[in-house]
Amino acid sequence: MPRSKKFRRARLIVIVLVVLLVAGAGYGGYRGVAAVRASFPEVDGSVKVAGMSAPVDVKRDANGIPQLYADTSEDLFRAQGYVQAQDRFWEMDVRRHITAGRLSEMFGDGQVETDSMIRTMGWRQVAQKEFDTVLGADTKKNLQAYADGVNAWLTEHPGGSGASMEYGLLGVVNGDYKPEQWTPVDSVAWLKAMAWDLSGNLQEEIDRSLLAQDFSPEKIAELYPDYPYARNGTIVKTGAVNGTSYKPADGSAPAAPGAAGSGTAQGAVATSALLKGVTDRIDALPELLGRNGQGIGSNSWVVAGSHTTTGKPLLANDPHLGPGLPSVWYQMGLHCRTVSATCQYDVSGFTFAGMPGVVIGHNKDIAWGFTNLGADVTDLFLEKVTGPETYLVDGKEMKFELRKETIKVAGGEDRTITVRTTATGAPLISDPSTEQQNVGKFAPNGASAPDRGTGGYGVALQWTALIPGRTMDAVFALDRAKNWDDFQKAAADFTVPAQNLVYADAKNIGYQAPGYIPVRGKGDGRYPAPGWDSAYQWKKDPVPFSAMPWSLNPSSGYIVTANQAVVDPTYKYALTSDWEYGTRAKEITDQLEARLKNNGKISPDDMQDMQLDNTSILAKTLVPMLLKVEVDDPYVREAQDLLKDWNYHQDADSAAAAYYNGVWRQLLTLAFGQKFPADLRAEENCLLVRQQIDPTRPDSKSKIVTECGTRDPGKAQPDGGDRWTEVVRQQLEKPDSGWWTYIDSQHKEQKGLDNLLREAMTNARQELTSLLTKDITTWSWGRLHKLELRERTMGSDSSSIASGVVHQLLNRGPYRLSGGSAAVDAAGWNAAAGYQVDWIPSMRMVVDLNDLDASRWIIVGGASGHAFHDNYNDQTDLWLKGKLLNWSFSPDAVEKATKHRLTLTG
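As the structure is a prediction and not an experimental result, all values here were calculated from the model. (Residues numbered from 1 in each chain as written. Predicted model: local features only at pLDDT ≥ 70, side-chain atom pairs only at ≥ 80, totals over all residues. Heavy atoms only, no water.)

1. Some remarks on the overall build of the chain
Here comes step 1: Scanning the chain from N- to C-terminus turns up 26 helices and 34 strands.
Here comes step 2: Counting all 906 residues of the chain, 62% fall into the buried class. (Helix = DSSP H or I, 4+ residues; strand = E, 2+ residues; numbered from the N terminus. Buried < 20%, exposed > 50% of the residue type's maximum accessible area, 1.4 Å probe, protein only.)

2. With respect to the pairing of strand E11 (residues 367-372)
Here comes step 1: When you tally the buried positions in E11, you get 6 out of 6 residues, the bulk of the element.
Here comes step 2: Relative to E11, strand E10 (residues 360-363) runs antiparallel, the two sharing 2 bridges. Paired with Gly361 across the two strands is Trp368, which belongs to E11.
Here comes step 3: Alignment of E11 against strand E18 (residues 499-504), held across 6 bridges, turns out to be antiparallel. Looking at E18, one finds that Ala367 is bridged to Ala504. (Pairing = 2+ DSSP bridges.)

3. Points about the nonpolar core
The nonpolar side chains of soluble globular proteins are, as a tendency, buried together.
Here comes step 1: Residues Met121, Leu373, Trp463, Tyr659, Phe672 and Leu904 are the most contacted members of the largest nonpolar core, which totals 243 residues.
Here comes step 2: The dominant element in this core, judged by the number of residues it contributes, is helix H20 (residues 655-671), at 12 residues.
Here comes step 3: Phe672 has contacts with Leu223, Pro718, Trp724, Val727, Val728 and Trp739, leaving out every residue within four places of it along the chain.
Here comes step 4: Core analysis: the next-biggest nonpolar cluster, separate from the first, contains 11 residues, Phe381, Ala426, Leu428 and Trp538 among them. (Core = buried A, V, L, I, M, F, W, Y, C linked by side-chain atoms within 4.5 Å. Contact = heavy atoms within 4.5 Å.)

4. Thoughts on the sheet that holds strand E2 (residues 56-60)
Here comes step 1: Taken together, 11 strands build an open sheet; the order of strands is E1-E34-E2-E3-E8-E9-E10-E11-E18-E19-E21 and the sheet is mixed. Among the strands making up the open sheet, the edge pair consists of strand E1 (45-48) and strand E21 (550-552). Strand after strand, the sheet turns through a mean of 15 degrees between neighbouring axes, direction not considered.
Here comes step 2: Judged from the 4 bridges that link them, E18 and strand E19 (residues 509-512) form a sheet pairing that is antiparallel. Looking at E19, one finds that Val502 is bridged to Tyr511. (Axes fitted to C-alpha atoms, helices over the stretch in contact; angles between N-to-C directions.)

5. Observations concerning helix H17 (residues 604-611)
Here comes step 1: Among the 8 residues in H17, 6 count as buried, and that is most of the element.
Here comes step 2: The set of residues buried in H17 consists of Pro604, Asp606, Met607, Gln608, Met610 and Gln611.
Here comes step 3: Looking at the buried positions of H17, the neighbouring elements they touch are strand E6 (298-303), strand E7 (314-321), helix H16 (583-599), strand E31 (843-848) and strand E32 (856-859).

6. A few points about the side chain of Arg78
Here comes step 1: Looking at the secondary structure, you find Arg78 in helix H3 (residues 73-99).
Here comes step 2: Among the polar contacts made by the side chain of Arg78, one reaches the main-chain carbonyl oxygen of Gly51 at a distance of 3.2 Å.
Here comes step 3: Leaving out residues up to four positions away in the same chain, Arg78 has contacts with Val49, Ala50, Gly51, Met52, Ala145, Tyr146, Asp148 and Gly149. (Polar contact = N/O pair within 3.5 Å; in protein donor to acceptor, adjacent residues only side chain to side chain.)

7. Description of the environment of Val502
Here comes step 1: Residue position: Val502 is located in strand E18.
Here comes step 2: Judged by relative accessible area, which is 0%, Val502 ranks as buried.
Here comes step 3: Residues in contact with Val502, not counting those within four places in the same chain, are Ser300, Val302, Leu315, Ala367, Trp368, Gly369, Phe487, Gly510, Tyr511 and Thr561.

8. Considering the pairing of strand E3 (residues 66-70)
Here comes step 1: Across the 5 residues that make up E3, a large majority, 5, are buried.
Here comes step 2: Burial along E3 is two-sided: the residues Pro66, Leu68 and Ala70 and Gln67 and Tyr69 are all buried.
Here comes step 3: Across 4 bridges, the pairing between E2 and E3 is antiparallel. Its bridge partner lying in E3, Lys59 is registered against Gln67.

9. Some details on the confidence of the model for the chain
Here comes step 1: Residues with a pLDDT of 70 or more make up 88% of the chain, whose mean pLDDT is 89.
Here comes step 2: pLDDT under 50 marks residues 23-31. Its contacts with residues more than four places away, or in other chains, come to 2 contacts.
Here comes step 3: The low-confidence segment residues 450-454 (pLDDT under 50) makes 14 contacts with residues lying over four places distant or belonging to another chain. (pLDDT = per-residue confidence, 0-100.)

10. Regarding the pattern of salt bridges
Here comes step 1: On inspection of all chains with the given rule, the structure shows 38 salt bridges.
Here comes step 2: Note that Arg124 and Asp186 form a salt bridge whose closest N and O atoms lie 2.4 Å from each other. Here Arg124, found in helix H6 (residues 123-134), pairs with Asp186, found in helix H9 (residues 184-197); they are 62 residues apart in sequence, far enough to count as distant.
Here comes step 3: A relative accessible area of 23% means that Arg124 is categorised as partly exposed.
Here comes step 4: In this structure Asp186 comes out as buried when scored by relative accessible area, which is 7%.
Here comes step 5: The closest approach of N and O atoms between Arg526 and Asp524, which form a salt bridge, is 3.3 Å.
Here comes step 6: Looking at Arg526, the relative accessible area reads 17%, which means it is buried. (Salt bridge = Lys/Arg side-chain N within 4 Å of Asp/Glu carboxyl O.)

11. Comments concerning a negative patch on the surface
Here comes step 1: Where like charges cluster on the molecular surface, the negative patch consists of Glu630, Asp632, Asp633 and Asp754.
Here comes step 2: As for its placement among the helices and strands, Glu630 is situated in the loop between helix H18 (619-628) and helix H19 (634-640). (Patch = residues over 30% accessible without salt bridge, like charges linked within 9 Å, V, L, I, M, F, W, Y side chains within 5 Å. Areas by Shrake-Rupley, 256 points an atom, 1.4 Å probe, with all protein chains shown as cover. Lys, Arg positive; Asp, Glu negative; His and termini not counted. Charge placed at Lys NZ, Arg CZ, Asp CG, Glu CD.)

12. What about the state of the cysteines?
Here comes step 1: A full pass over the atoms with the stated rule returns 2 disulfides.
Here comes step 2: Two residues share a disulfide in this structure: Cys336 and Cys343, whose sulfurs sit 2.0 Å from each other. Across the S-S bond of Cys336 and Cys343 the torsion is about -85 degrees, and the bridge reads as left-handed. Per residue, the accessibility class of Cys336 equals that of Cys343, and both read buried.
Here comes step 3: Numbered in order of appearance, the disulfide-bonded cysteines of the chain are paired 1-2, 3-4. (Disulfide = S-S within 2.5 Å.)

13. Let's talk about the packing of H20 against helix H22 (residues 753-771)
Here comes step 1: Between H20 and H22, the least distance of the axes is 8 Å, while the angle of their chain directions is 125 degrees. In terms of orientation, H20 and H22 fall into the oblique class. The interaxial crossing formed by H20 with H22 has right-handed handedness. In contact with Ala658, Tyr659, Gly662, Val663, Arg665, Gln666, Leu667, Leu670 and Ala671 of H20, H22 contributes Leu756, Leu757, Glu759, Ala760, Met761, Asn763, Ala764, Arg765, Glu767 and Leu768.
Here comes step 2: Residues of the contact of H20 with H22, tallied by class, amount to 12 nonpolar, 3 polar and 4 charged. (Parallel < 35°, antiparallel > 145°, perpendicular 65-115°, else oblique. Left-handed = near helix turned anticlockwise from the far one by under 90°. Nonpolar A, V, L, I, M, F, W, Y, C, P; charged D, E, K, R; others polar.)

14. Comments concerning the packing of aromatic side chains
Here comes step 1: Evaluated as defined, the whole model comprises 38 aromatic pairs.
Here comes step 2: On the basis of an interplanar angle of 50 degrees and a centroid distance of 5.4 Å, the ring pair of Phe215 and Trp739 is categorised as tilted. Across the pair, Trp739 and Phe215 agree in class, each one buried.
Here comes step 3: Judged by centre distance (4.3 Å) and plane angle (5 degrees), the rings of Trp857 and Trp887 are stacked. With a gap of 30 residues between them, Trp857 in strand E32 and Trp887 in the loop between strand E33 (885-886) and helix H26 (891-897) connect regions that are remote in the sequence.
Here comes step 4: Each residue in the set Trp190, Trp329, Phe350, Phe352, Trp857 and Trp887 is aromatic and connected to the rest through ring pairs, giving one cluster.
Here comes step 5: When the ring centre of Tyr69 is taken as origin, the NZ or CZ atom of Lys59, which lies over that ring, is 5.1 Å away. (Phe/Tyr/Trp six-rings, centres within 6.5 Å; stacked < 30°, edge-to-face > 60°. Lys NZ or Arg CZ within 6 Å of the ring centre and 35° of its normal.)

15. Considerations on the environment of Pro528
Here comes step 1: Inspection of the secondary structure assignment puts Pro528 in the loop between E19 and strand E20 (529-530).
Here comes step 2: Note: C-alpha distance between Pro528 and Glu383 (145 residues apart in sequence) is 10.0 Å.
Here comes step 3: Apart from residues lying up to four places away in sequence, Pro528 is in contact with Glu205, Ser209, Leu275, Leu380 and Leu382.

16. Digging into the packing of H3 against H9
Here comes step 1: Remark: H3 packs on H9, axes separated minimally by 9 Å, with the N-to-C direction vectors making an angle of 65 degrees. Looking at the two axes, H3 sits roughly perpendicular to H9. Crossing hand, H3 versus H9: left-handed. Two secondary-structure elements touch here, H3 through Arg95, Arg96 and Thr99 and H9 through Asp186, Ala189, Trp190 and Ala193.

17. Here we look at the side chain of Ser842
Here comes step 1: With respect to the helices, strands and loops of the structure, Ser842 is situated in the loop between strand E30 (837-841) and E31.
Here comes step 2: Residue classification places Ser842 among the buried residues on the basis of a relative accessible area of 4%.
Here comes step 3: Excluding residues within four positions of it along the chain, Ser842 makes contact with Pro319, His320, Leu321, Val328, Trp329, Ile859 and Val860.

18. A look at unusual backbone geometry
Residues apart from glycine generally show negative phi values, whereas peptide bonds are mostly found in trans.
Here comes step 1: A cis geometry characterises the amide bond from Leu325 onward to Pro326, with omega recorded as -5 degrees.
Here comes step 2: As for its position among the elements, Pro326 is in the loop between E7 and strand E8 (330-336).
Here comes step 3: Residue Pro497 is bonded to the preceding Val496 through a cis peptide linkage, with omega at -5 degrees.
Here comes step 4: Checked against the element boundaries, Pro497 lands in the loop between helix H15 (484-492) and E18.
Here comes step 5: For Asp394, which is not glycine, the phi torsion reads 55 degrees and is therefore positive.
Here comes step 6: In this structure Asp394 comes out as partly exposed when scored by relative accessible area, which is 44%.
Here comes step 7: In this structure, Tyr648 is a non-glycine residue whose phi angle is positive, near 70 degrees.
Here comes step 8: Structurally, Tyr648 is set in the loop between H19 and H20.

Below you can see the structure in the form of structure tokens.
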């Protein structure tokens, strides 16, 4: 629906105001600069915060990273809420509107579809149930104290006045908007956003079904090959599950004493249009942490003290998430002056603005890190809808649970939607925002499908995050944990998103897989299941936590997690079939082994250096094959020669890396992208295809037409991620594979691996010439592989208040990056769309259990959410160079690093 004239006019006013602000600042305009600086946080002196029982000290270093010191837990979290609001309240406010499905109240009718999808899933309702009925009393106290702190800050900025530049811009287009008081549920709801962006294989489930339009199950299996267990290994050696108890089989030893604490594509062809609609709705959701689905990953590893130069364990972590500003992470320390029953925390690390506690980091006794487990925690169910309020299960009509949701729209009329939910708690996500969808004509056929009725078919989403859980309890429990036993007890409550947790204390290293993992009846989650057959429903109880894999002090002396398979197929329960394929994990493991063999010990510098490894592992296989291909054209051969002495490092200044990745992109397009249905190809990817004039007649004549892709470029396939390295690796062993048949630049069909490689090198030479220059001596990977840090809370589409001028103020970059999608230094890019970086190591940390003050950390961006503040983007240049900041923890080290001191009094 088009935006109202009021909003269009107001958007022009915003542009004018921003131009004036830029002009004023550029020429030293006092008022423009003063207006922006007025929203900066007060970081020195003393302020009163209602509810404080005793003063809280806020010590900030030169990077604006706050360390808080209090006498009670409630004062500590009250101060955390106040300080985070100082730095990031606009971001917090937008985030809570996202998770509540209320963006339209801020930004108008351009956000109705987003709100509709999130309201349909009911993120806010589930968060409310968690707070009301599941979370522990201490957690609720901490959440309420945090909310009180946020609201104390908000009292100083009524209606958002003087809170940030963004509220000034929003006020021009939506003068009626006033931020509400913060509530504990606002914080809990953020966990649903985390879970959504880390929710496993939902997109793969859809993509496999869409591929079934054109490919046989055997061909689809080639595009989703089995995990290479023999080559890339698993996180832990698969132990035995006796009853409901997991027993490790990897040489695990007890905690050191004295330590400080094959599915089927049923109906996939006929339901392609329905699933395409679901994909469109999913694509409309904001990417709060990064690109949802397979391909995005993280690294963590921990090394035992017997293998380190410090004599104590070392732990590294670098989660790979979507880039943006403000940084997705917020660094801080939460310290009780005296740890006791009334004040239980002495912890430092990374958290999210709007959420109390520390998510990843260390306390005085233990350290921990996360990578995404990638468990299959989402299933789509095709539901046979028999009427507006009924659907079919086992031949019997069932009634949907109906819920009305009213979406308030700034500058427009309210919208009311009806949410339909099955008896299993799965909402129909195929219902559009304003009316029920009749998709009977797309319904699956076959003996197992019931006859079509007037209601058609719908798609319901079963997802573990829609079941109230205790993850918020787990966050606080991790922050308090003193030893391995405490750590495991905390992990037991970490239900969603399912993560790989690595652990270290002064004498032990460990691993634990937590999470609510469903146990299915029939089916394996690879394809949408028939909802009309109750045999496919989830079992009542998930995989017991006691049966989840873990490891403590393995004989190897190290543990690596990089989204690879946790266990092999002999494990009793099905965690997923869509693991990452282990390329990064194998490289990290090989580097650890090599360093231990050559040097005997791993140093903190080694840990940091390994995070920067940008080697292309597949290039070691593919480049020799490319060099063997005979190329007659000297223009192409000149580029081919770049690969002769290449060391496979994807450095930003490498011409060979630029050409190799160009060839990789063209190879994927020729071998796979050309053959994919439009539903999977990028919007600008148009192909000439032969189409029957009358599809209902087999003998109908055909014609050549242009068919363009329909998918958002950032989510198109083949994306070139780790799965594609395995697909190509396996197909390279088959020179006569059907995937090597392609259409050349003359629109003629060609066959054979060598021919395709030659065509890929030719096309890459032409593409890089057009994007860079004809002179290959000027090429570099970084000129293609760029990172732009975009401000994500103002929106980027035409319905947003953020014009291009506004984003010029708020965005930073572009930056030229090393790395690649399947490298340890994972600067990911989508080969189906181009070379723009779309996910990165969002932070890096190395924790030294021998001396916590010798630990190191960094984020992309900075502590502040205020666009012109010194700490808005002050860490990015260091991050680009692979450097880390000193991470002070002890009172003396923090005091030494302190540049600003603020006291919060009652």
